[in-house]
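As a plain string of letters, each chain reads:
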Amino acid sequence: MSITSEIAENLIKGQAPKVKELVQAALEQGLSPATILNEGLIAGMNVVGERFKKNEVYVPEVLIAARAMKMGMEVLKPRLAAAGVQPIGKVVLGTVKGDLHDIGKNLVAMMLEGAGFQVIDCGIDCPAEKFIKAAQDSGATIIGMSALLTTTMPAMKQVIDALAAAGLKGKIKTLIGGAPVTQSYADEIGADGYAPDAASAVDAAKSLLRN
Ligand code: B1M
């Protein structure tokens, strides 16, 4: 088995120290940071994402795999930066104003990072101005919003309206999700994308980059 396949296999199993060790060994063998990222860490996280979508694995397994990804990335990040490897896109992500739930939002962040996105995390209880400022400051082209309460869902529309008022609607795309959120709600408030789970959020974000 190639060392990148070994990295992917161990990431899927959530073997964080082993992933870190293998990433280090792969660098010592002369593999490029981009190859290790794409064929090792991202390949493994893609498998976890697909299994999560099919309910073959659950939140704890994803969190454990994400921790392994994080440990591998700690070794790889400085080398990626030195090699000038760019993220595939930048996403500002947060839980909307009034809402303190962040477990789902954090899973989305991990999946996006696992797929090669740079995530600017605005945390919880994030007001519209903070989302928009973070996107403008970082050059992100997607704002991702999470809401878990029916009472905080309207805060998503406030962000979309504020983007429109600032003349940024369409330039900065919006992606929404969270347990009470639906595609029809996304259509109703004019969000550019909706995803029912963290793995689908990656597909939706990639599709927003293309359109
Ligand atoms: Co709260 N809570 N909670 N809670 N809580 C719910 C959401 C609730 C359904 C429980 C219930 O009554 N059955 C209910 C909401 C009812 C409603 O509005 N319809 C509720 C309530 C009422 C409240 C309080 C008001 C309770 C109170 O104080 N009276 C209060 C509100 C506080 C606030 O936010 N202002 C409150 C507080 C809390 C805790 C702080 C105790 C805690 C949060 C801890 C934390 O997040 N750090 C908490 C929890 C844990 C829950 C439940 C039990 C679990 C939520 C969760 O983490 N799910 C929840 C009941 C439940 O869902 N069974 C509940 C796991 C997580 C992985 O799923 O977040 O849906 P989820 O994320 C998924 C997808 O939705 C999607 O991907 C994720 C992974 O697949 N997704 C996205 C999420 N964001 C996305 C963004 C995307 C795309 C996909 O694009 C950007």
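Summarised in this report is the structure supplied together with it. Since the model is a prediction, treat every value here as computed from it, not as a measurement.

## Here's the deal with the site of the ligand
Then, number 1: With respect to spatial proximity, 28 residues lie near the ligand, and among them Gly98, Leu100, His101, Asp102 and Ser146 are the closest.
Then, number 2: Contact distances for the ligand include 3.0 Å between a nitrogen atom and a backbone N or O atom of glycine 98.
Then, number 3: Among the secondary structure elements, those contributing two or more residues to the shell around the ligand are α5 (103-114), β3 (142-146), β4 (173-177) and α9 (198-210).
Then, number 4: Taken together, the residues that form the shell around the ligand break down as 17 nonpolar, eight polar and three charged.

## Digging into the pattern of salt bridges
Then, number 1: According to the stated counting rule, one finds six salt bridges in the structure shown.
Then, number 2: With a closest N to O distance of 3.0 Å, lysine 105 and aspartate 121 form a salt bridge. Taken as a pair, lysine 105 in helix α5 and aspartate 121 in strand β2 (residues 117-126) lie far apart in primary sequence, 16 residues in all.
Then, number 3: For lysine 133, the salt bridge identified is with aspartate 137, shortest N-O distance 2.6 Å. One end of the pair, lysine 133, and the other, aspartate 137, are both in helix α6 (residues 128-138), four residues apart, so they sit about a helical turn from each other.

## Digging into the coordination of the cobalt atom of the ligand
Then, number 1: Inspection of the coordination sphere of the cobalt atom of the ligand shows a single protein donor, His101 (NE2), at 2.2 Å.
Then, number 2: One can find histidine 101 in the loop between β1 (89-96) and α5.

## Comments concerning helix α3 (residues 33-53)
Then, number 1: If you check α3, its first and last C-alpha atoms are 28 Å apart, about what 21 residues at 1.5 Å a residue would give, namely 30 Å.
Then, number 2: The largest bend in α3 comes to about 35°, at isoleucine 42.
Then, number 3: By the burial criterion, the buried members of α3 are Pro33, Ile36, Leu37, Gly40, Leu41, Ile42, Gly44, Met45, Val48, Gly49 and Phe52.
Then, number 4: Close packing links the buried residues of α3 with α1 (3-13), α2 (16-28), α4 (59-82), α5 and α9.
Then, number 5: Residue asparagine 55 follows α3 closely and has a positive phi angle near 60°.

Conventions adopted
- Residues numbered from 1 in each chain as written.
- Predicted model: local features only at pLDDT ≥ 70, side-chain atom pairs only at ≥ 80, totals over all residues.
- Heavy atoms only, no water.
- Near = heavy atom within 4 Å.
- Polar contact = N/O pair within 3.5 Å; in protein donor to acceptor, adjacent residues only side chain to side chain.
- Helix = DSSP H or I, 4+ residues; strand = E, 2+ residues; numbered from the N terminus.
- Nonpolar A, V, L, I, M, F, W, Y, C, P; charged D, E, K, R; others polar.
- Salt bridge = Lys/Arg side-chain N within 4 Å of Asp/Glu carboxyl O.
- Donors = N, O, S within 2.8 Å, 3.2 Å for Na, K, Ca; no water.
- Expected span 1.5 Å × (residues − 1).
- Bend = angle between axes of the 7 residues up to and from the residue.
- Buried < 20%, exposed > 50% of the residue type's maximum accessible area, 1.4 Å probe, protein only.
- Contact = heavy atoms within 4.5 Å.

The values are spatial; any link to function lies outside them.
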